[in-house]
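The primary structure of each chain is shown beneath.
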Amino acid sequence: MTELIIASIMTIMTAATPLIFAATGELICEKSGVLNLGVEGMMLIGAVFGFAAVTVTGAPVLGVFAGALAGIFASLIFGFLTLSLLSNQVATGLALTIFGTGLSALFGLEYVGKTIEQIEPIHIPLLTDLPIVGRILFGHDPLIYLAIAILGLTAWFLRRTRAGMVLRAVGDSDYSAHAIGYPVIAIRYAAVAFGGAMAGLGGAYLSLAYTPLWAENMSAGRGWIALALVVFASWRPSRVLLGAMLFGGITILQLNAQAAGFGIPASYMSMLPYIATIVVLVLISRDSTRIRLNAPACLGRAFRAER
Amino acid sequence: MPLEMPLLTLEARATPSASAAWLSPLLALTLTAITGAAIFLVMGKSPGIALYIYFIEPLTSWSGLSEVLVKAGPLILIGVGLSIGFRAGIWNIGAEGQFIAGALLGSAPAIFFYESANPLILPLMMLLGILGGMGWAAIPAVLKTRFNANEILVSLMLVYVAELLLIHLVQGPWRNPQGWGFPGTRMFPDAALLPVLFSGYRIHLGTIIAIVLPLLVWFALAKTQFGFQIKVFGSAPLAARHAGIGEKRMIWVTLMIGGGLAGLAGVIEASSTIGQLVPKISPGYGFTAIIVAFLGRLHPVGALLAGIAIAVTYIGGEGAQISAGLPKAVTGLFQGIILFYLLAFDLLTRYRLTRITISKSAT
């Protein structure tokens, strides 16, 4: 029984990690006032370029970097259009997802069916071998620790640092921030690029650690679930972890239930994460004052400094 | 010594420029073709031949033209519906799910009365298709109006649910019992198939509906108060509220129009080119129609033209796959690039590039 619980926690963490990466990135991006609906596209781009880098070089570290860099590249297209050319953020984000789906499918053609070595869980002698807590604390793959570390740093950055406060100011009142002298557009570019790097990492986690292969559209809506997670978390990093684990749990529950049978058709079980996302959105959004209090006030609005 | 520095800067236009609004799709398409040439070059294909196959060849034969119009049909129908919603600032991006839901509900008569020869079955299917799409769109509508849930995310999540529901039905309860276990329903009876217009070509009654409908919608929007309300609601929500245009009503109406048209497109697709339900009935029409709506400037007639333009790249993509060995995925990449260029050029509808001269003293 304990073995089963430990195994469940371990797998829940692997399912939650891509969501933690992507949602943390989007959270920072939205805190600066920019809504990037291209997370799904950036994840796919990160997944395919990360996978390609490992196939070519054999070095997982390079794959992780390639995924993040590809995500940054993709996010900067979005940034240029929305921040420099003042295009509509919703439409541009959708374009980024369509573009990312197409680009990853095309670039990934020659990688379909190839295999790479999976990023393995760490093993620290003595610590990992501790009963029960050993594997839960010291037995994950390195990227899981990276995801949690970045999430923690993000929380600290937003709450405790001056730069984090400036970022929030830009997202809550862009014209005031500009009037005081902060470079609104430059700060938003940085936030967008961070979002891209994180989505790319989330994608790379999928193709390097979660299922070590490349398949067209392999993110299967996780980018959109990450967007919902940011709302669920009321734009607070600490709640991102909770939400991601919840969704990871549902994913694993669905997989296990399929394996166990139960007589419920597999397709219905596969709907669970998507339906759960809708249910969670409804529960959170019901309280419209809470959303209004927590959402960055300038979210989705274009900013242009008047001469 | 003062330096003269010519600089280009943006100056906001008092009203959006109409000519720039219609010029930017053309510019976007041209630049996409140029970018496409570069991509083909990188892939080691002759850009001239590849571009010809993609953008010209589908238009050089009657059968090619027929295929383009058949493909454009669902894109136009969905695109028209989406443009009405986008105009009002309601972001229904789950049209793909509404398309599937319409195909599912609309096909039910043909599947349950598979020997029917009753001519009324076809109108019934069309009606059910519209209702199916509306029903699927009603979920984000009710969740948005009652619980304030974001319609973008809800409608999108429902795409995945609809896809899984379709797969479940064609593999299980609705599977053809004489189909040797292959996923897919029975073939529809002749009475449940939309009539083909010219023998030898696939162009059918549904294609005509798709071509005529945008003109009707254009007329309706131009002549009714509702058309005006949509415009006001999208551009000035506060003014709209003062004018008594209810937000909830606007959300419901636009989602019902978008969902209904997507559902109609779904049942038309099932009862024409496919003739049954299979696990995958759409190559992403619902998402491509988002591009169609923007490329068509959120105008019904624009959606008609844009739907045809995008359909050319679909058919060209199929041709390129067969004759030049170019992967189908190129089409998806093109669609993303078109939208990027379009959004970039849209800057020119709202701003004007002006040359200013700054005198700077060099010290």
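Every chain begins its residue count from 1, and numbering advances along the sequence as written. Following the order in which they are written, the chains are lettered starting with A and the ligands numbered starting with 1. Per-residue local features are limited, in this predicted model, to residues with pLDDT of at least 70; the limit for side-chain atom pairs, both in listing and counting, is 80 or more; totals at the level of whole chains, interfaces and linings are taken over all residues. For side-chain calculations, the full set of non-hydrogen atoms in the structure is used, while hydrogens and water are omitted.

K.L.:
Honestly, the packing of helix H5 (residues 121-147) of chain B against helix H10 (residues 247-274) of chain B in this entry has me stumped. Any pointers?
P.N.:
Describing two packed helices takes the angle between their axes plus the distance from one axis to the other. Between H5(B) and H10(B), the least distance of the axes is 6 Å, while the angle of their chain directions is 145°. Classified by chirality, the crossing of H10(B) by H5(B) is right-handed. Axis lines are fitted to C-alpha atoms, over the contacting stretch for helices. Their N-to-C directions set the angle, which ranges from 0 to 180 degrees. Helix and strand assignments come from DSSP, with helices taken as H or I runs of at least 4 residues and strands as E runs of at least 2, each series counted from the N terminus. Crossing handedness is read from the near helix: turned anticlockwise from the far helix by less than a right angle, it gives a left-handed crossing, and turned clockwise, a right-handed one.

K.L.:
When you look at the pattern of salt bridges in this model, what are you seeing that I'm missing?
P.N.:
We define a salt bridge as a side-chain nitrogen of Lys or Arg found within 4 Å of a carboxyl oxygen belonging to Asp or Glu. Enumeration according to the criterion identifies six salt bridges over all chains in this entry. B:Asp346 is the partner of B:Arg297 in a salt bridge, and the nearest nitrogen-oxygen pair spans 2.7 Å. Placement of the pair is B:Arg297 in the loop between helix H11 (285-295) and helix H12 (300-323) and B:Asp346 in the loop between helix H13 (329-345) and helix H14 (347-350), with a sequence separation of 49 residues. Of the two residues examined, B:Arg297 and B:Asp346, each falls in the buried class. Taken together, the shared-partner salt bridges connect A:Asp174, A:Arg188 and A:Arg301 into one network. When accessible area is computed with a 1.4 Å probe and restricted to protein chains, residues below 20% of their type maximum are described as buried, those above 50% as exposed, and intermediate ones as partly exposed.

K.L.:
Just checking my understanding: could you explain the interface of chain A and chain B for this structure?
P.N.:
Many authors give the size of an interface as the accessible area that is lost as the parts come together. Throughout, a contact is declared for two residues whenever any of their heavy atoms are within 4.5 Å. With 43 residues of chain A at the interface, the matching set in chain B holds 42 residues. Each of two parts loses accessible area, computed with a 1.4 Å probe, when they are put together; buried area is these two losses added. In total, chain A and chain B occlude about 3700 Å² of area from one another, counting both sides; carbon and sulfur atoms represent 82% of this. The largest contributions to the chain A side of the interface with chain B come from A:Ile98, A:Leu106 and A:Trp224, which together make up 15% of the buried area. On inspection of chain A and its partner chain B, the count reaches zero salt bridges. Pairing of N or O atoms within 3.5 Å defines a polar contact, subject to two protein rules: one partner must be a possible hydrogen donor and the other a possible acceptor, and residues neighboring in sequence count only if both atoms are side-chain atoms. At the boundary of chain A with chain B, the tally comes to three residue pairs in polar contact (both at pLDDT 80 or more). Elements with a minimum of two residues in the side of chain A that touches chain B: helix H3 (60-84), helix H4 (89-108), helix H10 (222-232) and helix H12 (266-285) of chain A. Element by element, the count of residues in the side of chain A that touches chain B is highest for H4(A), at 12 residues.

K.L.:
Looking at this structure, I do not really get the packing of aromatic side chains. What am I missing?
P.N.:
Centre distance and the angle of the planes are the two values used to describe a pair of aromatic rings. Paired rings are identified among Phe, Tyr and Trp, the last through its six-membered ring, by centres lying within 6.5 Å, and are further divided according to the angle between planes into stacked (under 30 degrees), edge-to-face (over 60) and tilted (the rest). Per the stated rule, a full pass over the model turns up 17 aromatic pairs over all chains. Note on A:Phe107 and A:Tyr111: the rings are 5.8 Å apart at their centroids and 40° apart in plane angle, and the pair reads as tilted. Taking the relative accessible area as the measure of exposure, A:Phe107 reaches 29% and is therefore partly exposed. Relative to B:Tyr285, the ring of B:Phe99 has its centre 5.7 Å away and its plane inclined at 55°; by these criteria the two rings are tilted. Linking B:Phe99 in helix H4 (residues 95-112) with B:Tyr285 in helix H11, this pair joins segments that are 186 residues apart in sequence. This pair shows no difference in class: B:Phe99 is buried, exactly as B:Tyr285 is. Ring-pair connections join several aromatic residues into one group, and the members of that group are A:Phe49, A:Phe51, A:Phe107 and A:Tyr111.

K.L.:
Is there a simple way to think about the nonpolar core in this case?
P.N.:
Most often, soluble globular proteins keep nonpolar side chains buried together rather than apart. Only buried residues count toward a nonpolar core. Its members are Ala, Val, Leu, Ile, Met, Phe, Trp, Tyr and Cys residues joined through side-chain atoms within 4.5 Å. By size, the foremost hydrophobic cluster in this structure holds 211 residues, and its most contacted members are A:Trp224, B:Ile78, B:Leu277 and B:Phe294. Both domains that furnish three or more residues to this core are identified here as domain 1 (1-45 + 326-363) and domain 2 (71-325) of chain B. Other than its neighbours up to four places away in sequence, B:Leu277 contacts B:Ala103, B:Leu104, B:Ser107, B:Ile111, B:Leu166, B:Val170, B:Trp174, B:Gly184, B:Thr185, B:Phe188 and B:Ala270. An automatic or database domain assignment is the source of the domain bounds shown.

Coordinates in, geometry out; function isn't part of it.
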